[in-house]
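Structural features, examined
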Amino acid sequence: MLQFLSLFNTIFNDAPQPWQLGFQDSAAPGFTGIVTLHNTIGFYLIVICFSVFWALFSIIYYYNTNKNPIAHKYLTHGTVVELVWTITPALILIAIAFPSFRLLYLMDEVISPTLTIKAVGHQWYWSYELSDGCYRFDSYMLPESDLELGQFRLLDVDNKLIVPVDCHIRLIVTGADVIHSYAVPSLGLKLDAVPGRLNQVSFLVERTGTFYGQCSEICGVWHGFMPIAIEAVSTPQFLIMGR
Amino acid sequence: MSESAETTSKYVLQTVGFDARFPNTNQTRNCFQNYTDYFKCITAKGEDFAPCKQFKKAYNSLCPNEWISKWDDQRENGTFPASLEP
Amino acid sequence: MTKNYIKMNNKIKFQYFPYHLVDPSPWPILLSFSLLTFTTGAVLYMHGFNNGGLVLTLGFLLTSSGMALWFRDVISEATLLGCHTREVKNGLMLGVFLFIVSEVFAFLSVFWAFFHSSLSPAIEIGGSWPPLGITPLDPFAIPLLNTILLLSSGAFITYGHHALIAGNRKAAIDGTLLTIIFAILFTGLQYYEYSEAGFTMADGVYGSAFYASTGLHGLHVIVGTIFILVGFVRIVNYHLTKSHHQGFEAAIAYWHFVDVVWLFLFLAVYFWGGA
């Protein structure tokens, strides 16, 4: 019966699918913001593409040599049209700049985190340190031979990072050897792991689930084999698991 | 290190807060500042001075363990790059 | 036949334009290979290869002798053959100023490195500038004296230049000679200070930034001194006239540039960066 009910639940897409073109499903406000900004800019993109191609093709269509044998040799200026095609793009850029800066600075914000997680990129695995609770562990990709049914090839790891849902989490990312990059699409995370430098980002997971990502900075031969898997659990469960 | 204090605080979801001196993505200096501040603090007030613990909590939360052990070694060898005099 | 005659003797007889079409010369290709030897030698020497120093010395000798021979030809073209018309002089001076602009950008990059490291010092050097354990040089000792030396040498060369324009041979020689003496004093004092300094180029980013910036400047002082020395010898040998002394003016422009760079170095690296 319970199995049957699950048909009515939403199934979220938290890992890349074959031939996927769109985004994964958002699990964090940051990523929702990114998708919204993408759609906002996509609106301008479509409007601009349509108007530019409409103008281009109508010029080709109406003013080709067959239909228009006499060229307007002295038609070289048009103050009004020049003003329009200079000021309009400027206004569009301003209209794009405001929401993107708003999102940029919102995503930089770290107000009152409940948990700090340090993620350190190594050649070629991630290690995590949760020093508020004195945990430290390495997270290696599962080799193909160890995969069980339902696990993702090249994405699942031996030790997942467990985080509580609905908590502001501060992530500190650094590299131990070369530059890596910590990226989880459905949480809207992508942060370079630079040796000697600590980069900070804040995120909040809105639902339970397992979220997958990969190293996103070429870091050596096994760059493609150091995936990231984050499992979000409810806060009480997180506290129990903490033991 | 007091073991009992560690175990009780272990399961409380709490971490070092936002520091307005370091508002950027780059938190390298936040970690370093808290590390040096802790040792300046205990030099001035002694290890048992409770307010100093805040610095230790902060640098433990922010600094990679590898950095902390490297700096501890440097302090022991007298090669730590910053002055720890209060 | 007539055409060929004009072509053969165009410098003596007549040409329809004011430009200088240079003759075939062996120096560009020879100097290219000398520079290749020089830089290869520098790499071999710095990486400790056998006989690297020998290749470096050979490259240096080849380059400097190649330059001397090339410039000898230029001097004969300018002073004896009269190829440097007003138009050619304009072009040469434009070249000199563009060269100086490129030098400005070379120094800009060194200053950029200095300010990058000093304005927000990395935690690896303890977040302070100068780093802990570095004893910077006192800006009001030798560096201030050097500032005075360079500024006065700039004044002397202006004196010499004006004397040359006024046709006062003795004053021109005196002014230029004093410039050279002060320039050599400056280099000597820099050498003394380098040998007395309590840090080396290998002492972290402070030493690197300090010696890279002041060392590059010192190199330019030496080159400028040689440049002025050439002008001096040419004044003594009656090469330069009151209206035709392009090389000397180029040396003056170069010297003022080196002077200005020193002022910035003194303010930024010695005074501000050493406080």
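Residues numbered from 1 in each chain as written. Chains lettered and ligands numbered in written order. Predicted model: local features only at pLDDT ≥ 70, side-chain atom pairs only at ≥ 80, totals over all residues. Heavy atoms only, no water.

1. Points about the overall build of chain C
In terms of regular secondary structure, chain C is built from eight helices and zero strands. The dimensions of chain C, computed from C-alpha atoms along their principal axes, are 80 × 50 × 30 Å. Surface exposure of chain C reaches about 15900 Å², of which carbon and sulfur atoms provide 73%. One finds the centroid of the 11 positive side-chain charges in chain C at a distance of 26 Å from the centroid of its 13 negative side-chain charges. (Helix = DSSP H or I, 4+ residues; strand = E, 2+ residues; numbered from the N terminus. Areas by Shrake-Rupley, 256 points an atom, 1.4 Å probe, with all protein chains shown as cover. Lys, Arg positive; Asp, Glu negative; His and termini not counted. Charge placed at Lys NZ, Arg CZ, Asp CG, Glu CD.)

2. Focus: the domain arrangement of chain A
Residues and elements named next belong to chain A. Segmentation of chain A into domains returns domain 1 (29–108) and domain 2 (115–242). Between the C-alpha centres of domain 1 and domain 2 the distance comes to 40 Å. Between domain 1 and domain 2, the residue contacts involve five residues of the former and seven residues of the latter. Summed over both sides, the interface between domain 1 and domain 2 buries roughly 440 Å², with carbon and sulfur atoms accounting for 56% of that surface. Contact with domain 2 buries surface across domain 1, with Pro-29, Phe-31 and Met-107 losing the most and accounting together for 84% of the total. If you look at where domain 1 meets domain 2, you find zero residue pairs in polar contact (both at pLDDT 80 or more). (Domains from an automatic or database assignment. Contact = heavy atoms within 4.5 Å. Buried area = accessible area lost by both parts, 1.4 Å probe. Polar contact = N/O pair within 3.5 Å; in protein donor to acceptor, adjacent residues only side chain to side chain.)

3. A look at the UniProt feature "domain: Heme-copper oxidase subunit III family profile" (unreviewed entry) in chain C
The feature "domain: Heme-copper oxidase subunit III family profile" (unreviewed entry), as given by UniProt, occupies residues 15–274 of chain C in the numbering adopted here. Its end C-alpha atoms 60 Å apart, residues 15–274 of chain C is made of 75% helix and 0% strand. (UniProt positions renumbered as here; feature names shortened; annotations may be inferred.)

4. Structural notes on the state of the cysteines
Inspection of the entire model under this criterion finds two disulfides over all chains. Here Cys-41 of chain B is linked by a disulfide to Cys-52 of chain B, with a sulfur-sulfur distance of 1.9 Å. Its torsion about the S-S bond being -80 degrees, the disulfide of Cys-41 of chain B and Cys-52 of chain B is classed as left-handed. One end of the pair, Cys-41 of chain B, is in helix H2 (residues 28–45); the other, Cys-52 of chain B, is in helix H3 (residues 52–62), with 11 residues separating them in the sequence. Neither Cys-41 of chain B nor Cys-52 of chain B differs from the other in exposure class; each is buried. With no disulfide of its own, Cys-219 of chain A lies closest to Cys-215 of chain A among cysteine sulfurs, the gap being 3.9 Å. (Disulfide = S-S within 2.5 Å. Buried < 20%, exposed > 50% of the residue type's maximum accessible area, 1.4 Å probe, protein only.)

5. So, the sheet that holds strand S2 (residues 125–130) of chain A
What the five strands build is an open sheet, ordered S3-S2-S1-S5-S8 (chain A); its pairing is mixed. A strand with exactly one partner marks an edge of an open sheet, and here the two such strands are strand S3 (135–139) and strand S8 (199–204) of chain A. In this sheet, adjacent strand axes meet at a mean angle of 25 degrees when their direction is disregarded. The sheet contact formed by strand S1 (residues 115–122) of chain A and strand S5 (residues 168–175) of chain A spans seven bridges and is parallel. Counterpart to Thr-116 of chain A in the pairing with S5 of chain A is Arg-170 of chain A. Strands in contact with H3 of chain B are S1 and S5 of chain A; relative to S1 of chain A, the strand with the most contacts, it is inclined by about 40 degrees. (Pairing = 2+ DSSP bridges. Axes fitted to C-alpha atoms, helices over the stretch in contact; angles between N-to-C directions.)

6. Description of the UniProt feature "transmembrane region" (unreviewed entry) in chain C
All names here are of chain C. Per the UniProt annotation, the sites labelled "transmembrane region" (unreviewed entry) are residues 21–46, 52–71, 92–115, 140–159, 171–189, 209–233 and 254–273. End C-alpha to end C-alpha, residues 92–115 measures 34 Å, and it is 100% helix and 0% strand. Taken end to end, residues 171–189 comprises 100% helix and 0% strand; its first and last C-alpha atoms sit 27 Å apart.

7. What to know about unusual backbone geometry
What is expected of a backbone is that most residues other than glycine have negative phi and most peptide bonds are trans. The omega torsion of the bond from Gln-123 of chain A to Trp-124 of chain A falls at 0 degrees, within 30 degrees of zero and hence cis. Take Trp-124 of chain A: it is sitting in the loop between S1 and S2. Looking along the chain, the bond that leaves Trp-129 of chain C and enters Pro-130 of chain C is cis, with omega of -5 degrees. Along the chain, the position of Pro-130 of chain C falls in the loop between helix H4 (86–119) and helix H5 (142–166). Phi at Asn-51 of chain C takes a positive value of approximately 60 degrees, unusual for a residue other than glycine. The exposure class of Asn-51 of chain C is exposed, given its relative accessible area of 56%.

8. Structural notes on the confidence of the model for chain C
Any region with low pLDDT has predicted coordinates that should not be read closely. Residues and elements named next belong to chain C. Put simply, chain C has an average pLDDT of 92, and 95% of its residues get 70 or more. Averaged pLDDT values over the elements of chain C bottom out at 50 in helix H1 (residues 2–8) and peak at 97 in helix H2 (residues 27–46). For this predicted complex, the interface confidence reaches an ipTM of 0.81, while the overall pTM sits at 0.80. (pLDDT = per-residue confidence, 0-100.)

9. A short note on the pattern of salt bridges
Scanning all chains against the criterion turns up nine salt bridges over all chains. With a closest N to O distance of 2.8 Å, Asp-19 of chain B and Arg-21 of chain B form a salt bridge. A relative accessible area of 18% means that Asp-19 of chain B is categorised as buried. Asp-72 of chain B serves as the salt-bridge partner of Arg-75 of chain B, at 2.9 Å between the closest nitrogen and oxygen. Of the two residues, Arg-75 of chain B and Asp-72 of chain B both sit in helix H4 (residues 65–77), three residues apart, roughly one turn of that helix. Residues participating in the shared-partner salt-bridge network are Lys-118, Glu-129, Arg-136 and Asp-138 of chain A. (Salt bridge = Lys/Arg side-chain N within 4 Å of Asp/Glu carboxyl O.)

10. Looking at H4 of chain B
Since the α-helix packs 3.6 residues into each turn, any two residues three or four apart lie on the same face. When the terminal C-alpha atoms of H4 of chain B are compared, their 18 Å separation across 13 residues agrees well with the 18 Å that a helix rising 1.5 Å per residue should span. Those residues of H4 of chain B that fall on the buried side of the exposure criterion are Trp-67, Ile-68, Trp-71 and Gln-74 of chain B. When H4 of chain B is viewed along its axis, its buried side chains cluster within an angular range of 125 degrees and face the same direction. For H4 of chain B, the exposed residues lying more than 90 degrees away from the buried face are Glu-76 and Asn-77 of chain B. Structurally, H4 of chain B contributes buried residues whose contacts are with S5 of chain A together with H2 and H3 of chain B. (Expected span 1.5 Å × (residues − 1). Arc of directions from axis to C-beta.)

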